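# Examination of the molecular architecture
The primary structure of each chain is shown beneath.
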Amino acid sequence: MSAHEDRYSDALEAAVRHARQWLASQEGRPVGPRRTASELAADFGGPLPPDGMPAAEVVDYLATKAEPGLMAMPSGRFFGWVIGGTLPAALAADWLVSAWDQNSGLRFATPATAAIEEAAGKWLLELLGLPAQSGVGFATGATMANFTGLAAARWRLLADAGWDLDGDGLTGAPRIHCFVGQERHDTIDLGLRYLGLGRPTVVPADRQGRIDAAELDCALDRVVLSGASGSGPAPLLVCLQAGNLHSGAFDPFRESIAVAKAHGAWVHVDGAFGLWAAAVPELAALTAGLEGADSWGTDAHKTLNVPYDCGIAVVRDSRALRSAMGVHTSYLIQDAEGPADPFETVPELSRRARGVPVWAALKELGRDGVAAQVRGLVRRASQLAEQLSALDGVEVLNDVGYTQVSLAFGDDATTRAVTARVMADGRVWMSGSRWQDRDILRLSVSNWSTDDADVATAVAAVRDAVAAVRGHTG
Ligand SMILES: *Cc1c(COP(=O)(O)O)cnc(C)c1O
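One structure accompanies this document, and this report is about it. (Residues numbered from 1 in each chain as written. Predicted model: local features only at pLDDT ≥ 70, side-chain atom pairs only at ≥ 80, totals over all residues. Heavy atoms only, no water.)

### Some details on the packing of aromatic side chains
To keep things clear, this is the line we draw: Note on ring pairs: Phe, Tyr and Trp rings are taken, using the six-membered ring of Trp, and paired if centres are within 6.5 Å. Classes follow the plane angle, with under 30 degrees stacked, over 60 edge-to-face and the rest tilted. In this text, helices come from DSSP runs of H or I with a minimum length of four residues, and strands from runs of E with a minimum of two, each type numbered from the N-terminal end. Exposure is judged per residue with a 1.4 Å probe applied to protein chains only, and the accessible area is read against the type maximum: over 50% gives exposed, under 20% gives buried, and values in between give partly exposed.
Evaluated as defined, the whole model comprises six aromatic pairs. Aromatic side chains F147 and Y194 sit 5.8 Å apart centroid to centroid with 70 degrees between the ring planes, which places their arrangement in the edge-to-face category. With a gap of 47 residues between them, F147 in helix α6 (residues 142-160) and Y194 in helix α8 (residues 186-194) connect regions that are remote in the sequence. Taking the relative accessible area as the measure of exposure, F147 reaches 15% and is therefore buried. Of the residues examined, Y194 reaches a relative accessible area of 48% and is grouped as partly exposed. A connected cluster of aromatic rings, assembled from ring pairs, spans F78, W81 and W429.

What follows is the structure, given as structure tokens:
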């Protein structure tokens, strides 16, 4: 054993041992953490000791002390937010990414990770039916993937309006009018804010949270007819959504994109977890027309089930993407030939090769396997909706056509009480939320490992919570 290898082996073996214990414990453990962050502070804090500790002992200490404060997010009984598990090949590939320690910004410097990410990007475009020439960037999550798409939009819209964004900045630039659906994810507003684009015009949505295409048409007309941008065509940016957090609903892409395009708008789609529906032939109706947009953002750490820190930005106009994200300003890369360097497609310069676990997940599943995984999540969600709606006192509020199920149990106070009971119970984890002026309990089926037994456990946990709350009040 070389000295170099020797320095690592004990720590790595300790990490493998602890990781396997943690994963094995998912089967029976209560889903929620047993201790709060404040309670754990003493184990990790205090003054930094002057002397160090052997690496393997650090790993043992870390794993042992952290365990009571870990949420069983890899468990099939975790239904909170929209959070997936991790596929075995993706997890192992993520470890390799750390061991390889490649700073993956430049093709010539780290050719293996560049080639792997480029292959993963091409597979994704094919799988999701997006334009083959699109630029693809691996960002930290959907927030930054959306930001990246919106940054490319801003660059292109201003360039087309004759404005040099790189040279002159935003001050005095033509105003870009942005449009979002009533029920877009908050992080779209955040992306627009980061980019200095201000508060968007909010377009009404239907009962499932889908944007109303006719209303979008009117809203676009109002801006264009008001001559808000002076003489030139108004720069317009429309943000659509694939997968509503509460209902799982998809915006009507064909109609909305036709309307947006008739006004010359750039269309961005936030498909953090919904874009993956495009991989499933039976779900084609949900995503029909999606490929007509200009940019898309999604998460691989949600529905695909790779470890966290993996959003994906896709931009049809790859030059706009490079101009917005590259270090060189646009005039230098106008003549750039060949594939973009990874740093030219995302906000980060130095970064881990977060596309590698995506490649591993796609390789593990194959095209049919991805479809089967997403199909399985949708099937579990509809099983949950069916079995839960059969219970007395349980109301399923959404049309369940994807992975999300939103529940209410009568008035808000009762729903909050049931939610608190389910959380305290520990068999499953679900999020309380608010949707359309009601408190709700929301389930997301986003983990490949959720099975029949997990569905039955979830139904039992909700049933018992309802009975307990009714027992108290009745
Ligand atoms: C989760 C989510 C986001 C934000 O994604 P992050 O990966 O948490 O940054 C944005 N939009 C939608 C619809 C989401 O579900």
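### Focus: the sheet that holds strand β4 (residues 236-241)
As a reminder, the rule being used: Only strands joined by at least two bridges in the DSSP assignment are considered to pair. Each axis is a line fitted through C-alpha atoms, and for a helix only the stretch in contact is used; angles between axes span 0 to 180 degrees, taken between their N-to-C directions. Contacts are residue-level and defined by heavy atoms, with any inter-residue pair within 4.5 Å sufficient.
Spatially, seven strands are ordered β1-β7-β6-β5-β4-β2-β3 in an open sheet, and the strand pairing comes out mixed. What marks the edges here is a single partner per strand, and that holds for β1 (135-139) and β3 (201-203). Across the sheet, the mean angle from the axis of one strand to that of its neighbour is 20 degrees, orientation sign disregarded. Its contacts with the sheet place helix α5 (residues 111-128) against β1 and β7 (311-315), and it is angled at close to 115 degrees to β1. Together, β1, β5 (266-270) and β7 form the strand contacts of helix α12 (residues 318-325), whose direction differs from that of β1 by roughly 40 degrees.

### As for the site of the ligand
Our working definition: Throughout, near means a residue has at least one heavy atom within 4 Å of the molecule or strand. Polar contacts, as used here, are pairs of N or O atoms within 3.5 Å; protein pairs need one atom able to donate a hydrogen and one able to accept it. Residues neighboring in sequence count only if both atoms are side-chain atoms. Only Asp, Glu, Lys and Arg are considered charged, only Ala, Val, Leu, Ile, Met, Phe, Trp, Tyr, Cys and Pro nonpolar, and every remaining residue, Gly among them, polar.
In the vicinity of the ligand lie 14 residues, with T143, D270, D299, H301 and K302 positioned nearest. H301 is positioned such that a nitrogen or oxygen atom in its side chain is 2.9 Å from an oxygen atom of the ligand. Its residues assigned to classes, the shell around the ligand comprises four nonpolar, seven polar and three charged.

### Focus on the environment of A242
Within the secondary structure, A242 is located in the loop between β4 and α10 (253-262). Sequence separation between A242 and T110 is 132 residues, and the spatial gap between their C-alpha atoms is 34 Å. Each residue touching A242, except ones within four places of it in the same chain, is listed here: A249, F250, F253, V269, D270, G271, A272, G274, L275 and L290.

### Notes on the pattern of salt bridges
How we decide: In what follows, salt bridge is the name for a side-chain nitrogen of Lys or Arg lying within 4 Å of a carboxyl oxygen of Asp or Glu.
For the structure shown, the criterion picks out 28 salt bridges. Between R184 and D189 there is a salt bridge, with its nearest N and O atoms 2.7 Å apart. Between R210 and D206 there is a salt bridge, and its shortest N-O distance comes to 2.7 Å. A residue is classified by how much of its surface remains accessible, and D206, at 32% relative accessible area, is partly exposed. In the salt-bridge network here, residues are joined through shared partners; they are D412, R416, R434 and D439.

### Digging into the sheet that holds strand β8 (residues 395-396)
Spatial ordering of the open sheet is given by β8-β9-β11-β10, a layout of four strands whose pairing is antiparallel. The open sheet has two edge strands with one neighbour each: β8 and β10 (431-435). Direction of pairing for strand β9 (residues 404-408) relative to strand β11 (residues 438-444): antiparallel, over a ladder of four bridges. Paired with Q404 across the bridge in β11 is S444. Here helix α14 (residues 356-389) sits on the sheet and contacts β8, β9 and β11; the angle it forms with β9, its principal contact strand, is near 20 degrees. This element, helix α15 (residues 412-425), spans β9, β10 and β11 of the sheet and lies at about 35 degrees to β11.

Everything listed here is a matter of geometry and, on its own, says nothing about what the molecule does.
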